[in-house]
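Observations on chain architecture
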Amino acid sequence: MTHFRWKQIGFACAFVGALWACGGSGGSDSPAPTTPTTPTDQAGSDRKAMLTNMADNIILPSYANFKTKFDLMLAKSNAFTAKPDKATLTDFRQAWVDTYVDWQKIELFDVGPAEQYTLRNFMNIYPANTAGIEEYIASGTGTFEVPASYPKQGFPALDYLINGLGTTDDAILARYTTAADAAKRIAYLNRLTTQMNSVFNTVYSAWNTGYRDTFINCTALNAGCSTSKLVNGYVLNYERFIRSGKFGIPSGAMTNGAISAETVEAFYKKNISLTLAKTAHQASVDFFNGKSVKTGEQGPGFRTYLNSLGAKDSSTGTLLTDIINKQFDAVSQQLNTLKPNLYEEVKTNNTAMVQTFTQMQKIIRMLKVDMTTAMSITITYTDNDGD
Amino acid sequence: MLAYFRKTTSAAPLAVFRLLFGLMLFGSIVRFWSKGWIAELYIQPRYFFPFYGFEFVRPLGQYTYLLFAICALSALFVAIGLFYRVAVTSLFLSFTYIELIDKSTYLNHYYFTSMVCLLLIFLPAHAYFSVDAYRQRRLLAGTIPAWCIDSLKLFVALLYVFAGLAKLNSDWLLSALPLRIWLPAHNDLPVVGFLFNYGWTPYVFSWFGCLYDLSIPFLLWYRPTRLWAYAAVVVFHGLTALLFPIGMFPYIMIVTALIFFSANFHLTIVRKISQLLSIPTTFLLAHRTYRFLPVMAKLTVAVLTLFFAVQFMFPLRYLLYPGELFWTEQGYRFSWRVMLMEKAGYAQFTVKDRSGHQTIVNNASFLTPLQEKMMATQPDMLLQYAHILQQHYARRGFQNPEVYVDSYVALNGRLGKPLIDQNTNLANEQESFKNKAWITQFNDKIYGF
């Protein structure tokens, strides 16, 4: 009798053990069959289809587009440092604007190599630390790898170096030609672009040499897998780097009205700050809707995934994705009321800046609470800026 | 009634339970330690959320490791039955102390473990097959009062029944929430994953889970169904272990349910272990019945009666509060409400004073991600945090700081809405067992328990 029981218990244990083993193998290391790049006929809840669309139609082409602009900017920068004059400066500036705008379309992919190598830290931490930059120039050396060095590099540092050194082009050019430290300044500019190029290429080549497959095959929803990391990076980007960075901090909305207009993005160029903000916002909207960068058509993304989960306002039956898109529209309209120079807007029309922050705040709640709870994803990121 | 208290039964089930439970706890603590959670949860955080009435329980800094070491050692001593009474008391105290440090880490199965340890203090689990009995043969007893084992069974039954009753609500049964949210997250599992894309799957899980909880203690108790019931225990808890990140709980329940098995079953286990360890069989033959001293017997029965009276009533205390339990969470903890809610929230605090200071708080500079997540949806923790902020900013030069919170909470897939009245200065509110009037109305209805 007792032996019979032991057998049965053993059988039950084996059954659960089998279930357990099945669960253990689900995850990043399952073999990767070739997947169609435009999976249109798959169920919306298929995370692999969603991740594939995101990787192949949004993230990789966005990186490739950025790289084209970025390489051009590097060429223009080299032309400028080889022969600083009005023509090369103008070219460099234009290429910098184009690249900076495209940066806004990839900053939100804070997942995989970009997260691992903290790409943003080397590209777009502002306001630029101009005193620190001048120290680095004077000493001719200095690390780019520590947090204190982040505001001394990337697009904001370039902004200072090509737009902020003087009130006229001649005055700026003089700093690269006739000034005592001209050679050192040129050397710094070269160091800067080399550093940006090195970090970006590390991320870019990682995506193109294997990470793409890792990304689409890590379909589990736990904190270590793609969907969770993607959502966390996406919400973090909107909250901290669009809402707070571009509006909350300059307008003083987050600090009891203590206005700091000089903390706007592209402070020295000034008239592109709204464009940068709009581009970043639109990139987030398009990514939410799974819009292909190649074709402009919507595919599997957060929108289709949430719809397939049936996420809706239970009292009215409105789809959560419609509610979120409506709020995205409200932000877009608010952005359209602003003038191109956000520095000036903070100085003269700050109410509108604060209103933008408030509209964005509503999006944050929906993304951070309603969207993540419907997806059963935990927000794991922490803010690390001081209070 | 009196006849029942004179009834005796084999001591083997309790001894095996002691052994497995002790080993399980020892393993849990080793696991906890090896994952680095002692530092992460009890040393690194800057602030903690003690339980109301237990504010004297403070983290011990580096000595927290010592506390865990004592706890692990006690568990091991309980398992082998060495210095049993001292060991189990020390296990209860150290384990409970750890669990009382921070609400953020509250789990029902930690509470269950604490309560079982408390019960074990009063039960003669060392009378049979223990080192104590080996060293002091006059302690050795083959039979013990039947109520000693029945009290453990009753406690396990209470847990399951209350857990089942808690599932008798409209969200769980009629909307299959929160499983409808959680299960699709596993639709990429091999073999069974596709099932989680069907709308009816969460209903099957919900109803099965509810019926399981309500019936399993009785099916385990009743001999003809016992074996199948145990198979169900293994499958059910195995599945939950597979699908949800609930740590050791499934294994603890799988082991605990063995208490329902017959004396012969447990004697077989004891014999097998003895063979393995070459323990003389004479040690296994104990005909004496364990006798409490008359005064101890009375005291123990009184303590257990009180224990069960509290255990019967405590999960029902929520009835004394107005409002929706899932929303206010007044009377939610310590009530065997397991996996009933998908609740997520966001809380942005503003601290200001009359002289014009005002700041928006960055929660991350005060709390860990886990603490922030827990705080954002639980009113009593929101209040505790508000007081932490009040004291912090008072030291920073704010005069009588006022603390307001802009909260946003989503429950079981409903759209988020404020949980706390935005105009309440939380610095002025005090924790108590009274109703917290500053929690907003839920404005929806969840029917049932």
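Residues numbered from 1 in each chain as written. Chains lettered and ligands numbered in written order. Predicted model: local features only at pLDDT ≥ 70, side-chain atom pairs only at ≥ 80, totals over all residues.

1. Brief notes about the overall build of chain B
Scanning chain B for helices and strands turns up 18 helices and 5 strands. Compactness check: chain B gives a C-alpha radius of gyration of 24 Å against a globular reference of 22 Å for 449 residues, within 12% of the reference. The principal-axis extent of the C-alpha atoms belonging to chain B is close to 80 × 50 × 45 Å. The 449 residues of chain B split such that 42% are buried. Residue pairs at least 24 apart in sequence account for 69% of intrachain contacts in chain B once pairs closer than 6 positions are excluded. (Helix = DSSP H or I, 4+ residues; strand = E, 2+ residues; numbered from the N terminus. Rg over C-alpha atoms; globule rule 2.2 N^0.38 Å. Buried ≥ 20, exposed ≤ 12 C-beta atoms within 10 Å, placed from the backbone. Contact = placed C-beta atoms within 7 Å.)

2. A look at the overall build of chain A
Within chain A one finds 15 helices and 0 strands. In chain A, which comprises 387 residues, the proportion classed as buried is 48%. A fraction of 72% describes how many contacts in chain A between residues 6 or more apart in sequence connect residues 24 or more apart.

3. As for the sheet that holds strand β5 (residues 402-411) of chain B
Strand pairing in a sheet relies on backbone hydrogen bonds. The paired strands run either parallel or antiparallel. Residues and elements named next belong to chain B. Spatially, 3 strands are ordered β4-β3-β5 in an open sheet, and the strand pairing comes out antiparallel. On the outer flanks of this sheet lie β4 (358-360) and β5, each paired with one strand and no other. When strand polarity is set aside, the average angle formed by the axes of neighbouring strands in this sheet is 15 degrees. Most of the contacts of helix α18 (residues 379-395) go to β5, to which it runs at about 150 degrees, and overall it touches β3 (343-352) and β5. (Pairing = 2+ DSSP bridges. Axes fitted to C-alpha atoms, helices over the stretch in contact; angles between N-to-C directions.)

4. What to know about the confidence of the model for chain B
On average, residues of chain B carry a pLDDT of 94, and 100% of them reach 70 or more. In the predicted assembly, ipTM is 0.84 and pTM is 0.87. (pLDDT = per-residue confidence, 0-100.)

5. Focus on helix α10 (residues 226-251) of chain A
Residues and elements named next belong to chain A. At Ser244, α10 shows its largest bend, some 60 degrees. The buried count for α10 comes to 24 of 26 residues, which makes it a mostly enclosed element. Gly252, located one to two residues past α10, shows a positive phi value of around 80 degrees. (Bend = angle between axes of the 7 residues up to and from the residue.)

6. What to know about the nonpolar core
With 221 residues, the main nonpolar core has Ala15(B) and Ala386(B) as its most contacted residues. Looking at this core, the element that brings in the most residues is helix α2 (residues 47-82) of chain A, giving 13 residues. Apart from the residues lying within four places of it in its own chain, the contact partners of Ala15(B) are Ala125(B), Tyr128(B), Phe129(B), Ser130(B) and Val270(B). (Core = buried A, V, L, I, M, F, W, Y, C linked by C-beta atoms within 7 Å.)

7. Side note on the pairing of β3(B)
Residue and element names in this part refer to chain B. Among the 10 residues that make up β3, 7 are buried, leaving the element largely enclosed by the rest of the structure. For β3 and β4, the ladder comprises 3 bridges, and the chain directions are antiparallel. Looking across to β4, one finds that Lys352 is bridged to Gln358. Hairpin connection between β3 and β4: a loop of 5 residues separates the two successive antiparallel strands, and Gly356 in this loop has a positive phi of roughly 100 degrees.

8. Side note on unusual backbone geometry
Residue Pro127(A) is reached from Tyr126(A) by a cis peptide bond, and omega for that bond is 0 degrees. Cis peptide bonds are those with omega within 30 degrees of zero, and the linkage from Leu177(B) to Pro178(B) qualifies with 5 degrees. For Thr118(A), which is not glycine, the phi dihedral falls at a positive 45 degrees. Along the chain, Thr118(A) falls in the loop between α4 (113-116) and α5 (119-123). The backbone phi angle of Val191(B) is positive, close to 65 degrees, even though this residue is not glycine.

9. A word on the packing of helix α2 (residues 12-34) of chain B against helix α13 (residues 249-256) of chain B
All names here are of chain B. Their axes nearest at 10 Å, the elements α2 and α13 cross at an angle of 170 degrees. Comparing their axes, α13 and α2 come out roughly antiparallel. Within the contact between the two elements, α2 uses Leu20, Phe21 and Met24 and α13 uses Tyr251, Ile252 and Val255. Across the contact of α2 with α13, the residue classes break down as 6 nonpolar, no polar and no charged. (Parallel < 35°, antiparallel > 145°, perpendicular 65-115°, else oblique. Nonpolar A, V, L, I, M, F, W, Y, C, P; charged D, E, K, R; others polar.)

10. So, the environment of Leu123(B)
Residue and element names in this part refer to chain B. Looking at the secondary structure, you find Leu123 in the loop between α6 (108-122) and α7 (131-135). Residue class for Leu123 comes out buried when judged on the 24 C-beta atoms lying within 10 Å of it. The contact partners of Leu123, leaving out residues within four places of it in the chain, are Leu14 and Cys148.

11. Section: the packing of α2(B) against helix α14 (residues 263-277) of chain B
Residues and elements named next belong to chain B. The N-to-C vectors of α2 and α14 enclose an angle of 50 degrees; their axes lie 8 Å apart at closest approach. It follows that α2 is oblique to α14 by the angle criterion. Handedness of the crossing formed by α2 with α14: left-handed. Taken together, the residues of α14 that come into contact with α2 (itself represented by Ala12, Pro13, Ala15 and Val16) are Ala263, His266, Leu267, Ile269 and Val270. Among the residues forming the contact of α2 with α14, the class breakdown is 8 nonpolar, 1 polar and no charged. (Left-handed = near helix turned anticlockwise from the far one by under 90°.)

12. Regarding the confidence of the model for chain A
Overall, the predicted model of chain A reaches an average pLDDT of 87, with 87% of residues at or above 70. Within the model, the stretch residues 1-42 of chain A combines pLDDT values under 50 with 53 contacts to residues more than four positions away or in other chains.

13. A look at the environment of Phe200(A)
Residues and elements named next belong to chain A. Relative to the helices and strands, Phe200 is located in helix α9 (residues 182-217). Between the C-alpha atoms of Phe200 and Leu89, which are 111 residues apart in sequence, the distance is 23 Å. In this structure, Phe200 is in contact with Phe70 and Leu119, ignoring residues within four places of it in sequence.

14. Re helix α11 (residues 273-288) of chain A
Residue and element names in this part refer to chain A. For α11, which comprises 16 residues, the first-to-last C-alpha distance of 23 Å matches the rise-based estimate of 22 Å (1.5 Å per residue) to within 8%. Residues of α11 that are buried include every one of Ser273, Leu274, Leu276, Ala277, Ala280, His281, Ala283, Ser284, Asp286, Phe287 and Phe288, and no others. Where α11 is buried, its residues contact α2, α3 (86-103), α10, α12 (302-308), α13 (320-336) and α14 (342-348). Downstream of α11 by a residue or two, Gly290 has a phi angle that is positive, lying close to 65 degrees. (Expected span 1.5 Å × (residues − 1).)

15. A word on the environment of Ala302(B)
All names here are of chain B. Within the fold, Ala302 resides in helix α15 (residues 294-313). When the 10 C-beta atoms within 10 Å are taken as the criterion, Ala302 is described as exposed. Along the primary structure Ala302 and Ser28 are separated by 274 residues, whereas in three dimensions their C-alpha atoms are 32 Å apart.

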